[in-house]
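Structural description and commentary
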Amino acid sequence: MAFLFKFVQTPFVMSDSKNISLEDRFQEKIDNNIQIEPKDWMPEAYRKTLIRQISQHAHSEIVGMLPEGNWISRAPSLRRKVGLMAKVQDEAGHGLYLYGAAETLGAARATMIDDLHSGKAKYSSIFNYPTLTWADIGAIGWLVDGAAIMNQVPLCSCSYGPYARAMVRVCKEESFHQRQGFEIMMSLCNGTPEQKALAQDALNRWWWPSLMMFGPNDSESKHSAQSMKWKIKRFSNDELRQRFVDMSVPQAKILGITIPDPEIKWNEATKQHDFGAIDWEEFWNVVKGNGPCNKQRLKTRNKAHDEGRWVREAATAYAEKRHQRKQNQAKSA
Ligand code: FAQ
């Protein structure tokens with residue numbers, strides 16, 4: 001995408017003043033696009049911000065498997081089933097890279113997972129909506145993955161090395177997800193009137209929650225200013241949301257379905273689309289745990305975690321046994 005920035009790993013001469021603080025030196029590196037690595041000095045607040053964002057992102061990928069997982073057994077053809085299974089598995093992989101990236105900052109995986117399961121940690125609001133019909137799988141790929149890519153391509157150039165590198169692979173996979181979703185929508189829109197109506201209904205239900213994925217308006221976004229100064233975020237919530245609207249309008253036209261916002265129209269002066277007001281009351285209600293599926297999502301995650309305990313215990317015991325065997329072999333050699 002055209003808006004990628006480059007972080008450099010070439011030698012960089014720091015300012016030579018002996019009085020410069022660690023904090024100023026850190027900011028100087030950021031300003032000069034030098035990527036921060038796990039063993040580099042970093043302000044505690046930078047570390048905490050990254051752990052917050054990366055762990056929330058990881059949780060979103062894992063909880064994000066549930067709405068689509070709901071349709072694997074009911075996909076309309078073998079081809080669709082294979083594609084959907086691959087997508088849902090990719091999301092699990094994204095969660096794992098991201099938990100790994102958060103661990104490089106000193107976060108313990110067990111704590112992050114406990115925080116998700118107890119309801120303390122946040123994850124993306126979008127995954128608290130139900131998938132009522134097969135068309136929802138198309139709409140999620142097209143809109144939710146489309147919004148995810150819009151937000152995550154700039155993260156490939158974020159200042160923290162492990163997060164930026166994880167995002168490169170994630171974005172490649174998300175592009176495939178977006179295309180498979182759009183293709184599902186295309187098939188439905190070119191199908192019977194009933195199929196097209198399903199696609200329209202899915203767009204009606206997923207449009208506004210997709211816009212909410214980008215987070216509160218810039219004026220309400222408490223973390224944006226600092227995160228942009230640290231080049232964790234490269235664009236504001238509103239900038240990315242606007243890009244998403246501008247990208248989606250022509251795509252909806254190609255599909256022949258209507259975005260459920262009578263106020264959407266091209267603004268010749270700003271060269272972008274104006275759009276209607278987002279229902280922020282609904283957004284905060286979902287973020288606070290009161291969306292249509294919050295309780296169900298956490299219940300399902302907790303159940304899966306409990307039922308998978310024996311697998312984790314067996315894997316740990318096996319790793320210990322192998323380690324012990326290697327040590328015994330080394331002693332007797
Ligand atoms: N939902 O000050 P800001 C995906 C919270 S992955 C819930 O603007 P920030 C792949 C925010 O955490 C989707 N909470 O915060 C996929 C903060 O609360 P805190 C996830 C939200 O961090 C596709 C408070 O509001 N993507 O879709 C939301 O600067 C299909 C104030 O907000 C990422 O996580 C929300 N939508 O900006 C998987 C990308 N928005 O922590 C399966 C990385 C905001 O103070 C199927 N994250 N909040 O308690 C980011 O880019 C940023 O964290 C933002 C929020 C832009 C999400």
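We now turn to the structure provided with this report.

Calculation rules
- Each residue is numbered by its place in its chain's sequence as written, counting from 1.
- For this predicted model, a pLDDT threshold of at least 70 governs which residues receive local features, and a threshold of 80 or more governs which side-chain atom pairs are given and counted, while totals over whole chains, interfaces and linings are taken from all residues.
- Values reported for side chains reflect all heavy atoms of the structure, with hydrogen atoms and water molecules removed beforehand.
- Here a patch means residues that are over 30% exposed by relative accessible area and free of salt bridges, tied together within 9 Å if like-charged and within 5 Å if nonpolar (Val, Leu, Ile, Met, Phe, Trp, Tyr).
- To be clear on the numbers: accessible area is Shrake-Rupley with a 1.4 Å probe, and residue cover counts the displayed protein chains and nothing else.
- Put simply, a salt bridge is a Lys or Arg side-chain nitrogen that is within 4 Å of an Asp or Glu carboxyl oxygen.
- Within this scheme the basic residues Lys and Arg register as positive and the acidic residues Asp and Glu register as negative, but His and the chain ends are omitted.
- Positions of charges follow a simple convention, taking NZ of Lys, CZ of Arg, CG of Asp or CD of Glu.
- Working definition: helices are DSSP H or I runs of at least four residues, strands are E runs of at least two. Numbering for both runs from the N terminus.
- Only protein chains enter the accessibility calculation, which uses a 1.4 Å probe; a residue whose area is less than 20% of its type maximum is buried, one above 50% is exposed, and one in between is partly exposed.
- Residues belong to one nonpolar core when they are buried, are Ala, Val, Leu, Ile, Met, Phe, Trp, Tyr or Cys, and are joined through side-chain atoms within 4.5 Å.
- Whether two residues are in contact is decided by their heavy atoms, any of which lying within 4.5 Å being enough.
- The criterion for an aromatic pair is that two Phe, Tyr or Trp rings (for Trp, the six-membered ring) have centres within 6.5 Å, with stacked assigned to planes under 30 degrees apart, edge-to-face to planes over 60 apart and tilted to the rest.
- The rule is short: NZ of Lys or CZ of Arg within 6 Å of the ring centre and within 35 degrees of the ring normal puts a charge over the ring.
- Definition of a polar contact: a pair of N or O atoms within 3.5 Å, with one able to donate and the other able to accept a hydrogen when the atoms are protein atoms, and with sequence-neighbouring residues admitted only if both atoms are side-chain atoms.
- In these notes, residues near a molecule or strand are those with any non-hydrogen atom within 4 Å of it.
- Residue type decides the class: Asp, Glu, Lys and Arg count as charged, Ala, Val, Leu, Ile, Met, Phe, Trp, Tyr, Cys and Pro as nonpolar, and the leftover types, Gly among them, as polar.
- Two cysteine sulfurs form what is called a disulfide whenever their separation falls within 2.5 Å.

Moving on, we get to a positive patch on the surface. Together, Lys321, Arg322, Arg325 and Lys326 give the surface a local cluster of positive charge. Note on placement: Arg322 falls in helix H13 (residues 309–332).

Tallied over the full model, the rule gives 17 salt bridges. Residue Glu37 is joined to Arg165 by a salt bridge in which the shortest nitrogen-to-oxygen separation is 2.9 Å. Of the two residues, Glu37 is situated in the loop between helix H1 (22–31) and helix H2 (44–63) and Arg165 in helix H7 (residues 161–189); the sequence distance between them amounts to 128 residues. With a relative accessible area of 44%, Arg165 lands in the partly exposed category.

Further remarks concern the nonpolar core. Core analysis: the biggest nonpolar cluster contains 80 residues, and Tyr46, Ile54, Trp142, Tyr160, Tyr163, Trp206 and Trp207 have the highest contact counts within it. Filtering out sequence-adjacent residues up to four positions away, Tyr46 remains in contact with Phe26, Ile30, Ile36, Ser159, Tyr160, Trp230 and Ile232.

What follows is about the packing of aromatic side chains. Following the criterion strictly, the structure yields 10 aromatic pairs and no others. On the basis of an interplanar angle of 85° and a centroid distance of 5.5 Å, the ring pair of Tyr46 and Trp230 is categorised as edge-to-face. Of this pair, Tyr46 sits in helix H2 while Trp230 sits in the loop between helix H9 (224–229) and helix H10 (237–255), and the two are 184 residues apart along the sequence. Looking at Tyr46, the relative accessible area reads 0%, which means it is buried. Taking the centre distance of 5.3 Å and the plane angle of 90° together, the rings of Trp280 and Phe283 count as edge-to-face. Of this pair, Trp280 and Phe283 both sit in helix H11 (residues 280–290), separated by three residues, roughly a single helical turn. For the pair Trp280 and Phe283, a shared accessibility class is recorded, and that class is buried. Members of the aromatic cluster, joined through ring pairs, are Phe26, Trp41, Tyr46 and Trp230. Cation over ring: Arg74 sits above Trp71, and NZ or CZ is 4.0 Å from the ring centre.

Topologically, Arg80 is positioned in helix H4 (residues 78–103). Only 3.1 Å separates the side chain of Arg80 from the side chain of Ser187, close enough to count as a polar contact. Those residues in contact with Arg80, other than ones at most four positions away along the chain, are Ala75, Trp134, Glu183, Ile184 and Ser187.

Here the focus is H1. Among all positions of H1, only Phe26, Gln27, Glu28, Lys29 and Ile30 are buried. On its buried face, H1 is in contact with H2 and H9. Backbone geometry just after H1 places Asn33 at a positive phi near 60°.

In this section: the site of the ligand. Around the ligand, the structure places 36 residues, and the nearest of them are Gln56, Lys122, Ser221, His223 and Lys233. Contacts to the ligand include Asn151, whose side-chain N or O atom sits 3.0 Å from an oxygen atom. Note that a nitrogen atom of the ligand is positioned 3.4 Å from one of the backbone N or O atoms of Met212. In isolation the ligand exposes 1100 Å². Once the protein is present, 94% of that is buried. It is H2 that contributes the most residues to the shell around the ligand, six residues altogether. Along the lines of polarity and charge, the residues of the shell around the ligand split into 13 nonpolar, 13 polar and 10 charged.

Looking at where Asn217 falls in the secondary structure, it is placed in the loop between helix H8 (193–212) and H9. For the pair formed by Asn217 and Trp280, sequence separation is 63 residues and the distance between their alpha carbons is 9.2 Å. Setting aside residues up to four positions removed in sequence, Asn217 forms contacts with Asp238, Arg241 and Trp280. Among the polar contacts made by the side chain of Asn217, one reaches the side chain of Trp280 at a distance of 3.1 Å.

At Lys231, a residue that is not glycine, the phi angle is positive and equals roughly 55°. Counting through the fold element by element, Lys231 comes out in the loop between H9 and H10. A residue is classified by how much of its surface remains accessible, and Lys231, at 16% relative accessible area, is buried. Despite not being glycine, Lys271 shows a phi value in the positive range, around 60°. Relative to the assigned elements, Lys271 resides in the loop between strand S1 (265–267) and strand S2 (272–274).

Now for the state of the cysteines. Disulfides are covalent bonds that link the sulfur atoms of two cysteine residues. On inspection of all chains with the given rule, the structure shows zero disulfides. Free of any disulfide, Cys171 has its nearest cysteine sulfur in Cys156, 3.9 Å distant. Residue classification places Cys171 among the buried residues on the basis of a relative accessible area of 7%.

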